Amino acid sequence: MLGNIKFIGELGKLSLIHESILHKCIKTLLEKKKRVQLKDMGEDLECLCQIMRTVGPKLDHEKARSLMDQYFSRMRSLTINKELPARIRFLLQNTVEQRANNWSARKAYSDNGPKTINQVRQEAVKSNDGMRNEFFNENSYLPTRIKFDRETLGGLADMFGQMPGSGIGTGPGVIQDHYSPTMGRHRTNPLYNGHNGNGNGSHQPQFEAGSKPYTKPSQGQGSPVFNHKQNHAVQMQSKDLAPRFVKKGKVNAEEISLRPAQSFILSKKQIPKLQPQMPMIPSSAQGPPLGQSPQLGLKTNPPPIQEKPAKLTKKPPPTKEELIKMTETLVADYLNSKNVDEAVNAVRDMKAPKHFLSEMLNKIVVYSLDRSDEDKEHASTLVHAICTEGHATGENLLQAFLSVLDQCPKIEEEIPLVKSYLAQFAARAIIAELVTIAELAHHLENGAHFPLFLLCLQQLVKLKDREWLGDLFQLSHVNMQKMLPEIDQNKDRMLEILDGKGLSFLFPLMKLEKELLKQIKVDPSPQSIYKWIKDNISPKLHTDKGFVNILMTSFLQYIAYEINPDDDEEQLSAPTKEQLDEEKQQMLSFKPVMQKFLHDHIELQVAAMYALQVHCNTKGFPKGMLLRYFVNFYDMEIIEEEAFLSWKEDVTSEYPGKGKALFQVNQWLTWLETAEEEESEDEEY
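This is a predicted model, so every value here is computed, not measured. (Residues numbered from 1 in each chain as written. Predicted model: local features only at pLDDT ≥ 70, side-chain atom pairs only at ≥ 80, totals over all residues. Heavy atoms only, no water.)

Honestly, empty space enclosed by the protein in this entry has me stumped. Any pointers?
Empty space among the atoms becomes visible once a probe the size of a water molecule is rolled across them. Summed over all chains, the structure comprises 3 cavities of 30 Å³ or more. Contributions of two or more residues to the lining of the largest cavity are made by helix H25 (569-573), helix H26 (577-598) and helix H28 (625-635). What the second largest cavity holds in volume is close to 50 Å³. In terms of lining residues, the second largest cavity is bounded by Ala560, Ile563, Asn564, Leu572, Glu583, His615, Lys619, Met625 and Tyr629. Contributing elements (two or more residues each) for the lining of the second largest cavity: helix H24 (545-563), helix H27 (602-619) and H28. Taken together, the residues of the lining of the second largest cavity break down into 5 nonpolar, 2 polar and 2 charged. (1 Å grid on protein atoms, 1.4 Å probe; cavity = no way out; pocket = protein on both sides within 12 Å on 5 of 7 lines; lining within 4 Å. Points joined across faces, edges and corners; volume = space filled by probe spheres on them. Helix = DSSP H or I, 4+ residues; strand = E, 2+ residues; numbered from the N terminus. Nonpolar A, V, L, I, M, F, W, Y, C, P; charged D, E, K, R; others polar.)

Right, here's the structure in full:
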């Protein structure tokens, strides 16, 4: 399943699948299915994350930004839903963070390529820094002066700038330098004659202090006897080795051995300790620090030994229970003092983590639900101040609001009007522009927590006014039918519910469509019709195509009813002379009203012609009806020539019956176009 989803995403990246299909796939994966619990949607949500990671960057452009914002708003709300498995929630969270990071995935490891020799040296110094500090601190002596011949070392020692006694790092696979191939070819130097021949492989370094080497009296390593024993032991070991391990001839100064040293093949009992053991010297015999010797053979002096500062004990962050208790105390103090600034400062001092902000706002809202209306208003003011000061976001508030809604069944047992109180909070948040109507509606579709959305709109009318809410609602492009339970998602039922809530003013055209024909039947005089429209329809809608469509449809339905009450098909196809005269007389009576709204508005005249086209299509295009109306509209100067020709050239599938309509009136339109051209030619002469 994941493979198929990724394949679809890759096809989308190559533009082989249209974006609308990809959006449909995303909506299908994101929507909750009927009779399917949220916890069983893990596979769909995992596929959603996969398709987002694959083709999300291509879909996240300016035109589809609003859709993508809605998708990710839903995904963010799912990240805090405990019904989902933790793995799915983390997948969703990673996808949300990836979009916030401009669709770039987090890098678990970054390879910076090969290192230079200087970088290797610095890392070697750092890795040995701790061992060197312990070495200097545990031994209370240092020799007065150490002499090394830089030129005699050469080879790998010169490459890595290492001093004898300190290996190239530590750990398995690292050869200590007193057993390295480099050291094996400089055994003539007195400095490296510290290997004893007792078979235990211990190594005692020898240093020169002044002109005399310091030796431990108990071992007498400076004596000829010791050197003889040591050389004898080395020779014995060489005899026991295979021929390929025996070095033939002497090694030149420029030669670098690529074979392991003899000590590398010693038995386990002969493996020396990694750290050399040095004899104790009184502190009075200490010489200058090792890092200050100018003859160490190091290209850079090791950094000075620094004592680690004492660790400061950090106060652990507050637990969730402590944060909840602090929030409840904060709200209680605020509702008593009504001091917003102090409460906001207390929120800042809490230093609550981001994942707790939604729960903090949740506690503030829940705490005030059983308080007075004044306290609820003050709580809304506090929430607004917290978000305005940047301590929380509108998204945190929306998540808090939704989490309170999930608790509604329990809260309603103690507070029956909890949805009304929550509607007040939501309305104040919308007025403060912390949340938009579209964002709230997205989470309440298909009647979720019905009638909360309608209650919120009622509160907005109380806090503002009808005109303000009407404009805001039109800009939100919310589909009101989707906000109702599925059984009520039709126009008639929606208008009935909105009438009951006092919100029918949000859909004035639907009210006009239902009431205008009734008003015309009561009083068909043009003065009465115009007065009713002026009193009930906002002037902003007078130039709306939907208004003109409804107005023209109502007139045509009234005329058809007057001349043919029984809707007889024969009379429609072959009307009598009296019926034709009655039809023309009715059109003349409505002429002042039609001219009032259509004059000098070509686009509105085209809308009126489409209303006529739909009316004739409903009647089955009776012979001659459309042509008869066209001629009357032209002769009465209700519709101009330009509008007729625009209707002819316009191509749209929104209104049915355009092909049949053109077939009936095409000859007349051709005559009209020719007559107009002749008139223009006459005017030129």
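Text resumes after the structure shown.
In this structure, what is going on with the environment of Ser554? I would like to understand it.
Residue placement: Ser554 occurs in helix H24. Between the alpha carbons of Ser554 and His615 there is a distance of 10.0 Å; along the sequence they are 61 residues apart. With near-sequence residues (within four places) excluded, Ser554 lies in contact with Leu516, Leu517 and Ile520. Engagement of the side chain of Ser554 in a polar contact is seen with the backbone oxygen of Ile550, the distance being 2.9 Å. (Contact = heavy atoms within 4.5 Å. Polar contact = N/O pair within 3.5 Å; in protein donor to acceptor, adjacent residues only side chain to side chain.)

Help me out: how do you make sense of the environment of Arg65 in this one?
Tracing the sequence through the fold places Arg65 in helix H4 (residues 65-79). For Arg65, the contacting residues outside a window of four places in its chain are Asp60 and Arg99.

Mind showing me how you'd approach helix H21 (residues 491-501) here?
Residue pairs spaced three or four apart in an α-helix point in one direction, given the helix's 3.6 residues per turn. Listed as buried for H21 are Met494, Leu495, Ile497 and Leu498. When H21 is viewed along its axis, its buried side chains cluster within an angular range of 165 degrees and face the same direction. Facing away from the buried side of H21 by more than 90 degrees, the exposed set consists of Asp492 and Gly500. Contact partners of the buried residues in H21: helix H19 (452-463) and helix H22 (508-522). Capping of H21 at its N-terminal end is provided by Asn490; its side-chain oxygen lies 2.8 Å from the backbone amide nitrogen of Arg493. With its phi angle positive at about 75 degrees, Gly502 sits one or two positions after the end of H21. (Buried < 20%, exposed > 50% of the residue type's maximum accessible area, 1.4 Å probe, protein only. Arc of directions from axis to C-beta.)

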